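Each chain, letter by letter, is given below.
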Amino acid sequence: MDFFRSLAQKVTAATSQAMDWMTKRVETCKAGNVLLEDGGDTAMSIMIAKRTARDAISEEEGLLKNLTRTASKYEDAADKLSRAMQSPCPAGVTGSVDFQTSAQVYADRAAAMKEAALFLERGIPAAKASAPSASAIEEDAMMLAAVKGGEAKLMDEVHKGLGSAAEGIKKMSEVACQSCRGREAAIGGA
């Protein structure tokens, strides 16, 4: 009996903690929405600016990883082409006369990419340190601003698409009417 009572108490405590967390989370989200509503276009612009800055930093880190990965692929290609030149090429293989030039170009590209990555990496700590600060409320406001901005962009695209569709339907209707008039004229004149 104590086991079930203990289990029930643990479940009740866990549920209570989850509900408290959820209540705080909802309140924070509501406060983010109020920030955007009360702050109007200015608050929206600021939240979008903060989010854009953070996105840029994040994307730069991804870019550096991709740049480093691409440099490694160029190095690998240069190495494989250099090794391929050491053996006679079988009949039917084309382009082997260019292997040496290609290998050098790829080695140079790899070196340039590594150098660029090292140069850019040095600025990451400063970029991270200068990232705009944000409270939990602002974090939610940034997310909401991005969603609202996306909705606006989506609606613009939908309206453009509807306008294009309406224009297309109008043209089709005109062509159909002209075709019908042409048939009527042909039938009436016959």
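Throughout, a residue's number is its position along its own chain's written sequence, starting from 1. The model is predicted, so local features are restricted to residues of pLDDT at least 70 and side-chain atom pairs to those at 80 or more, both for listing and for counting; the totals for chains, interfaces and linings are taken over all residues. Only hydrogens and water are removed before side-chain values are computed, so all heavy atoms of the structure are retained for them.

## Remarks on the nonpolar core
Phase 1: To qualify as a nonpolar core, a set must consist of buried Ala, Val, Leu, Ile, Met, Phe, Trp, Tyr and Cys residues joined through side-chain atoms within 4.5 Å. The cut-offs for exposure are 20% and 50% of the maximum accessible area for each residue type, with area from a 1.4 Å probe on protein chains only; residues under the lower value are buried, those over the upper are exposed, and the others partly exposed. Counting residues in each nonpolar core, the largest one holds seven residues, listed as Leu36, Ala43, Met47, Ala141, Met142, Leu144 and Ala145.
Phase 2: Where this core is concerned, the elements lending two or more residues are helix H1 (2-84) and helix H4 (136-189).
Phase 3: We count a stretch as a helix when DSSP gives it H or I for four or more residues in a row; a strand needs E for two or more, and each element gets its number in order from the N terminus. Take this core: its biggest share by element is four residues, from H4.
Phase 4: Counting residues in each nonpolar core, the second largest holds six residues, with Leu64, Leu67, Ala117 and Ile124 among its members.

## So, the pattern of salt bridges
Phase 1: For this document, the term salt bridge refers to a Lys or Arg side-chain nitrogen within 4 Å of an Asp or Glu carboxyl oxygen. Within the structure shown, the criterion is met by nine salt bridges.
Phase 2: Between Asp140 and Arg25 there is a salt bridge whose closest N-O contact spans 2.5 Å. Separated by 115 residues along the polypeptide, Asp140 in helix H4 and Arg25 in helix H1 bring together distant segments of the chain.
Phase 3: Owing to a relative accessible area of 5%, Asp140 belongs among the buried residues under this scheme.
Phase 4: Look at Arg25 and you get partly exposed, because its relative accessible area is 32%.
Phase 5: Residue Asp79 is joined to Arg83 by a salt bridge in which the shortest nitrogen-to-oxygen separation is 2.7 Å. In this pair, Asp79 and Arg83 are both assigned in helix H1, four residues apart and thus about one turn of the helix distant.
Phase 6: Judged by its relative accessible area of 38%, Asp79 falls in the partly exposed class.

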